[in-house]
Amino acid sequence: MSVRSDIESRAACGVLTIDLKALVSNYDFLCRQTAPAKAAAVVKADAYGLGVAHVAPALYEAGCRDFFVAHFIEAVRLKPYLASDARILVLNGLMPGSEGDCADLGVVPVLNSLEQVANWSATAKARNTVLAAALQVDTGMSRLGLEPAEVDALLAEPERLGSIHVDIIMSHLACGDEPAHAANARQLARMGAVRSRFPDAKLSFANSAGIFLGEDYRGDLARPGIALYGGAPLAGAENPMHQVVRLEVGVVQTRTVPAGSEIGYGASFVAKSEMRLATIAAGYADGLPRHLSNTGAAWFGGVRLPIVGRVSMDSIILDITALEPGTLKIGDMVELIGPHQTLEMIAANAGTISYEILTSLGRRYERRYLSPAAR
Ligand SMILES: *Cc1c(COP(=O)(O)O)cnc(C)c1O
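Residues numbered from 1 in each chain as written. Predicted model: local features only at pLDDT ≥ 70, side-chain atom pairs only at ≥ 80, totals over all residues. Heavy atoms only, no water.

Comments concerning the site of the ligand
Put simply, the rule reads: One heavy atom within 4 Å of a molecule or strand is enough for the residue carrying it to be called near that molecule or strand. Between N or O atoms, a polar contact is any pair within 3.5 Å; within protein, one atom must be a potential hydrogen donor and the other a potential acceptor, and residues adjacent in sequence are included only when both atoms are from side chains. The method behind every accessible area is Shrake-Rupley, applied with a 1.4 Å probe, and residues are considered shielded solely by the protein chains displayed. The way it works is a 1 Å grid over only the protein atoms, where trapped points that fit a 1.4 Å probe form a cavity and open points with protein on both sides within 12 Å along at least five of seven lines form a pocket, and then any residue with an atom within 4 Å of a point lines it. Those molecules having more than half of their atoms within 2 Å of a cavity or pocket grid point set are described as sitting in that cavity or pocket. Each residue receives one of three labels: charged for Asp, Glu, Lys and Arg, nonpolar for Ala, Val, Leu, Ile, Met, Phe, Trp, Tyr, Cys and Pro, and polar for the others, Gly being one of them.
In the vicinity of the ligand lie 13 residues, with Lys-44, Tyr-48, Ser-208, Ile-226 and Tyr-355 positioned nearest. At 2.9 Å, a side-chain N or O of Arg-223 approaches a nitrogen atom of the ligand. Take Ile-226: an N or O atom from its main chain is 2.8 Å from an oxygen atom of the ligand. Its free accessible area being 390 Å², the ligand has 94% of it covered by the protein chains. Assessed atom by atom at 2 Å from the grid points, the ligand resides in the largest pocket. A per-class count over the shell around the ligand returns six nonpolar, four polar and three charged.

Notes on the packing of helix H2 (residues 20-34) against helix H4 (residues 52-61)
Each pair of packed helices can be summarised by the angle the axes make with each other and by the distance between the axes. Spelled out, the test is: Here, axes are lines fitted to C-alpha atoms. For helices the fit covers the stretch in contact, and angles between N-to-C directions go from 0 to 180 degrees. In this description a helix means any DSSP run of H or I spanning at least four residues, a strand means any run of E spanning at least two, and both kinds are numbered starting from the N terminus. Any angle between 65 and 115 degrees counts as roughly perpendicular, while under 35 counts as roughly parallel, over 145 as roughly antiparallel, and the rest as oblique. Here a crossing is taken to be left-handed if its near helix is turned anticlockwise relative to the far helix by less than a right angle, and right-handed if that turn runs clockwise. Only heavy atoms matter for contacts: two residues are in contact if any of them lie within 4.5 Å across the pair.
Following both chains from N to C, one finds H2 and H4 inclined at 45°, their axes separated by 10 Å at the closest point. Judged by the angle between their axes, H2 and H4 are oblique. Between H2 and H4 the crossing geometry is right-handed. Contacts from Leu-20, Leu-23, Val-24 and Tyr-27 of H2 reach H4 at His-54, Val-55, Ala-58 and Leu-59. Classifying every residue of the contact of H2 with H4 gives seven nonpolar, one polar and no charged.

Details of the layout of surface pockets
Counted only if it meets this: Grid points are joined across faces, edges and corners, and a volume is the space filled by probe spheres set on the points.
One number sums up the size of the largest pocket: a volume of about 760 Å³. His-172, Asn-207, Ile-226, Ile-353 and Tyr-355 are the residues nearest the centre of the largest pocket, which is lined by 36 residues in total. Every element with two or more residues in the lining of the largest pocket is listed here: helix H3 (44-48), helix H10 (208-211), helix H11 (343-349) and helix H12 (354-360). It is H11 that contributes the most residues to the lining of the largest pocket, three residues altogether. Residue composition of the lining of the largest pocket, by class: 21 nonpolar, 10 polar and five charged.

Read these as geometric descriptors, not functional statements.
Rendered as structure tokens:
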């Protein structure tokens, strides 16, 4: 449980429960799936919105020692929460000028360009030391990393890597969540070719999806993110992960409206007959996408309550006609994410992906952390 004052707890309009025991179970499962390779944890974007200050220490306790963030600022903020034998790696690499701070903190950059290689090498030389790095190669996503020709240039002039210890050679799958996509095998073949030229480095290739594409994709250090947090690693396949997040939102008002009533902004829904409605205390400012307007739902007591009208900034209107009158009362909590409506379901209803739902979860909910030991 998070330490929050009672008044904050009583005042909250919704409760976001983050089950660290489920998180750790997911990590253990991914480790077994990946073995004999190891599994790192991707904790960028505040651990996909779930709170890196809680998530990273729980994963460390579970044995994780490699933590990937996207930006250097995230490494700076994460550092105090981890023991010194944990390693933090920065996926997006370093902006020119931050190499010194990165070296001071003992953070390992992912080098994505010849310029980043040159800057890191110069930093190491200036300090008369050898600095570790991961080297990213672009095998077909056109996002980050050296192109194969740049790898050739690097290997033709090995002094470019002077004073750098390339501990990890890595790449990222563009279509890993679609196992049948031809791009996967293409990227794997390119990765294999590059990897053979860095025989001493560890290979890091698989994200959550990659772990489930088969042994060939696992390399030495997998980088799961979404699967840790309960998201489905593969699109359209059964989700083997435990749900980590539960979101419940309080009812602030109920009413009965006659046929013809216009509901919500823009009057986008008009009641065809008498309806009973409930207004709940969360909206798009709390990370419930406006795209759920007239299409998503909440759940109460196993009954689906469709969203009617547009999602507002701070509230959503539900059709509760299916419930017996008086069942749903002011202050009751309806489920937005939970056993009846998984993360994947709400994401699909919102026309987005689980990643975006998680990383958008608002700051106004009371956040309750279920400790890995308890329960
Ligand atoms: C975000 C990210 C991951 C984690 O991906 P998931 O699909 O969440 O498992 C791994 N590697 C890189 C380079 C990333 O950007």
